[in-house]
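# Descriptive structure summary
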Amino acid sequence: MSKANKRIPVTEERWRELHDLKGPGQTWDELIEELVEERKKQRLAEMVREKREEGEFVKVDPDSW
């Protein structure tokens, strides 16, 4: 990992919540990376759900490939 050079101000409450999520031996950078990846997956799932509800998906027959 490259040397950390950014600071992110957080409230005491948020720091405690983050600290509770952080695993033993896990760096803050690793925790934030994990949270970012989880959020990306949530956004993708939300987008897929919205598209399904809007009916914008077309069923594809895999045998036709």
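Quick summary incoming for the structure in this document. Quick caveat: nothing in here was measured; it's all calculated off a predicted structure. As a convention, each chain's residues are numbered from 1 in the sequence order in which they are written. Per-residue local features of the predicted model are confined to residues with pLDDT of at least 70, and side-chain atom pairs are confined, for both listing and counting, to 80 or more; whole-chain, interface and lining totals are unaffected and use all residues. To get the side-chain values, take all heavy atoms of the structure and skip hydrogens and water.

## Side note on the pattern of salt bridges
Salt bridge, as used here: a side-chain nitrogen of Lys or Arg that lies within 4 Å of a carboxyl oxygen of Asp or Glu. On inspection of all chains with the given rule, the structure shows five salt bridges. With a closest N to O distance of 3.9 Å, Glu12 and Arg16 form a salt bridge. Linking Glu12 with Arg16, this pair stays in helix α1 (residues 12–21), spanning four residues, or about one helical turn. Arg39 serves as the salt-bridge partner of Glu46, at 3.5 Å between the closest nitrogen and oxygen. The class for Glu46 is partly exposed, based on a relative accessible area of 34%. Burial status follows relative accessibility: with a 1.4 Å probe on protein chains alone, a residue under 20% of its type maximum counts as buried, one over 50% as exposed, and anything between as partly exposed. The exposure class assigned to Arg39 is partly exposed, which follows from its relative accessible area of 34%. Numbering of helices and strands runs from the N terminus, with a helix taken as a DSSP run of H or I at least four residues long and a strand as a DSSP run of E at least two residues long.

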